[in-house]
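# A structural walkthrough
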Amino acid sequence: MTTMAADAGAYEAVFDAALAADERIEPRDWMPDEYRTSLIRQIAQHAHSEIIGIQPEANWITRAPSLRRKAILMAKVQDEAGHGLYLYSAVETLGARREDLLDKLHTGRQKYSSIFNYPTLTWADVGAIGWLVDGAAITNQVPLCRCSYGPYARAMVRICKEESFHQRQGYELLLALSRGTEAQRAMAQDAVDRWWWPSLMMFGPPDDESAHSAQSMAWKIKRHSNDELRQRFVDICVPQAESLGLTLPDPELRWNEERGHYDFGPIDWAEFREVLRGNGPCNAQRISQRRRAHEEGAWVREAAAAYAAKHGEARS
Ligand code: FAQ
């Protein structure tokens, strides 16, 4: 064995031992190239989702029904931008450049969550996103607080706290509508009917079609499979829907005593695949709006770079 090969073997053994002991892998630690690449893929997709996810909700800021609702929604949207910031910073610790990641998003070479390709047709959609989309995000992300990669795990702790607050505001918004006039209740029900199935798709393809799950779980990036988390989410939502006085649009939804879980009907995976291919209701609009925002924000990046250069000069 050459010295270099012996060194690589020793590094790998240290990496494997750290994973086995549930220790965190930190940016300066040795890690397999595939581990690094897979983390860049997942965290970049997650960061892109946070900033694209601003669009459907920001659509309602100017039309929020009261000053209180407007202030809450603006704070939530700012939180999502902040999540994007933590996550882009986390990917940078792996050696990726933010400009490259954004370029990949803008040219369709990196994905963002399927859920943000659906339109927000009424005010109740803001509530449905908070309750269901943030609810699904929390279910998926709480286990990521124990992800083996330190910077991602730590970013997740704060993100999950903020997402919990978002989920509560969505629930409270829907409760107010559900207890309101008949038209308001119908609007809440319609929003839940449209967001339920896309929310279940957020957890990714079924386990037997999930390309990355087995390896990601072996590396302790993911702690549970897509189907496990999807089931957990359904089990949480059913009693919450009952408390809201709303129904979930699935005639096959029923408690299974033997499994100790709710059974649910089949998911339309053809629709999911179409959305991933770029053919969802809002894919084109989301990307063109993102590109425009990026171009219009060029002066901010230039000013920040000029300030940083001057600041750096002053210090040296
Ligand atoms: N949409 O092998 P798997 C939020 C892709 S929450 C689009 O199972 P993996 C908060 C997947 O990338 C939303 N693509 O993949 C918020 C892969 O393609 P690739 C974001 C999807 O990684 C709330 C291929 O399918 N959250 O933004 C989706 O093991 C409200 C095969 O799939 C995260 O990103 C999908 N739904 O598991 C913001 C959480 N599902 O990369 C604003 C972190 C799968 O080979 C308002 N990510 N794909 O080209 C994860 O936990 C995982 O990456 C999964 C997918 C679970 C999403």
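Here the structure is shown first, and the text comes after it.
Residues numbered from 1 in each chain as written. Predicted model: local features only at pLDDT ≥ 70, side-chain atom pairs only at ≥ 80, totals over all residues. Heavy atoms only, no water.

### A word on the overall build of the protein
Definition in use: The helix and strand labels rest on DSSP assignments: H or I over at least four residues marks a helix, E over at least two residues marks a strand, and numbering proceeds from the N terminus. Computation of the radius of gyration draws on C-alpha atoms alone. For the globule rule, the value is 2.2 Å times the number of residues to the power 0.38. Only protein chains enter the accessibility calculation, which uses a 1.4 Å probe. A residue is then buried if its area is under 20% of the maximum for its type, exposed if over 50%, and partly exposed in between. By definition in these notes, contact holds between two residues if any of their heavy atoms fall within 4.5 Å. Charged-residue counts in this description rest on Lys and Arg as positive and Asp and Glu as negative, His and the chain ends being excluded. The atom standing in for a charge is NZ when the residue is Lys, CZ when it is Arg, CG when it is Asp and CD when it is Glu.
Across its full length, the protein holds 13 helices and two strands. Taking 2.2 N^0.38 as the reference for a compact globule, 316 residues should give roughly 20 Å; the C-alpha atoms of the protein span a radius of gyration of 21 Å, in line with that estimate. If you line up the protein on its principal axes, its C-alpha atoms span 75 × 55 × 35 Å. Per-residue burial for the protein yields a buried fraction of 48% across its 316 residues. Restricting to contacts in the protein with at least 6 residues of sequence separation, those with at least 24 account for 78%. Distance between charge centres in the protein, computed from 38 positive and 44 negative side chains, equals 6 Å.

### Section: the nonpolar core
Cut-off, in case you're wondering: In these notes, a set of buried Ala, Val, Leu, Ile, Met, Phe, Trp, Tyr and Cys residues joined through side-chain atoms within 4.5 Å is what counts as a nonpolar core.
Grouped together as the largest cluster of nonpolar side chains are 82 residues, with contacts concentrated most on Tyr 35, Ile 43, Trp 131, Tyr 149, Tyr 152, Trp 196 and Leu 248. Discounting residues that sit within four places of it in the chain, Ile 43 has contacts with Leu 87, Ala 90, Val 91, Leu 94, Tyr 149 and Tyr 152.

### Some words on the site of the ligand
The condition that has to hold: If even one non-hydrogen atom of a residue comes within 4 Å of a molecule or strand, that residue is called near it. As used in this structure description, the phrase polar contact means that two N or O atoms lie within 3.5 Å; if the pair is within protein, one of them must be able to donate a hydrogen and the other to accept it, and residues adjacent in sequence are counted only when both atoms belong to side chains. Every accessible area reported is derived by Shrake-Rupley at a probe size of 1.4 Å, with residue values counting cover from the shown protein chains alone.
As a structural note, the neighbourhood of the ligand is formed by 36 residues, with Gln 45, Lys 111, Ser 210, His 212 and Lys 222 the closest of them. At a separation of 2.8 Å, an oxygen atom of the ligand approaches a polar side-chain atom of Asn 226. Taking 1,100 Å² as the accessible area of the ligand by itself, protein coverage stands at 92%. At the level of elements, helix H2 (33-52), helix H4 (67-92), helix H6 (124-141), helix H7 (150-178) and helix H11 (269-279) are the ones that each hand at least two residues to the shell around the ligand. Broken down by element, the residue count for the shell around the ligand peaks at six residues, all from H2.

### Considering the packing of H2 against helix H5 (residues 98-106)
In plain terms, the rule: To obtain an axis, a line is fitted to C-alpha atoms, over the contacting stretch when the element is a helix, and the angle between two such axes runs from 0 to 180 degrees between their N-to-C directions. Orientation categories follow fixed angle ranges, with anything under 35 degrees roughly parallel, anything over 145 roughly antiparallel, 65 to 115 roughly perpendicular, and all other angles oblique. Left-handed describes a crossing in which the near helix is turned anticlockwise from the far one by less than a right angle; the clockwise case is right-handed. Gly is placed with the polar residues, together with every amino acid not listed as nonpolar (Ala, Val, Leu, Ile, Met, Phe, Trp, Tyr, Cys and Pro) or charged (Asp, Glu, Lys and Arg).
Closest axis-to-axis distance for the H2/H5 pair is 11 Å, and the angle between their directions is 70°. In terms of axis orientation, H2 runs roughly perpendicular to H5. For the pair H2 and H5, the sense of crossing is right-handed. From H2, Ile 40, Ala 44, His 48, Ile 51 and Ile 52 reach across to H5, where they touch Leu 101, Leu 102 and Leu 105. Broken down by class, the residue content of the contact of H2 with H5 amounts to seven nonpolar, one polar and no charged.

### Things to note about a negative patch on the surface
Using the following cut-off: Candidates for patches are residues over 30% relative accessible area with no salt bridge; among them, like charges are joined within 9 Å and nonpolar side chains (Val, Leu, Ile, Met, Phe, Trp, Tyr) within 5 Å. Basic side-chain nitrogens of Lys or Arg form a salt bridge, by our definition, when they fall within 4 Å of a carboxyl oxygen of Asp or Glu.
A cluster of acidic residues, Glu 12, Asp 16, Asp 33 and Glu 34, forms a negative patch on the protein surface. Mapped onto the negative patch, the elements with two or more residues apiece are helix H1 (3-20) and H2. A relative accessible area of 38% places Glu 12 in the partly exposed class.

### Brief notes about the packing of aromatic side chains
The line we're drawing: Only rings of Phe, Tyr and Trp enter the pairing, Trp through its six-membered ring, and a pair is recorded when the two centres are within 6.5 Å. The plane angle decides the type: under 30 degrees is stacked, over 60 is edge-to-face, the rest tilted. By definition here, charges over rings are those cases where NZ of Lys or CZ of Arg is within 6 Å of the ring centre and within 35 degrees of the ring normal.
A full pass over the atoms with the stated rule returns ten aromatic pairs. Plain terms: the ring middles of Trp 255 and Tyr 262 are 5.0 Å apart, the flat faces sit at 70° to each other, and that makes the pair edge-to-face. With a relative accessible area of 17%, Tyr 262 lands in the buried category. Here the aromatic residues Tyr 11, Phe 15, Trp 30, Tyr 35 and Trp 219 are joined through ring pairs into a cluster of three or more. Looking at Arg 63, its charged tip hangs above the ring of Trp 60, at a distance of 3.9 Å from the centre.

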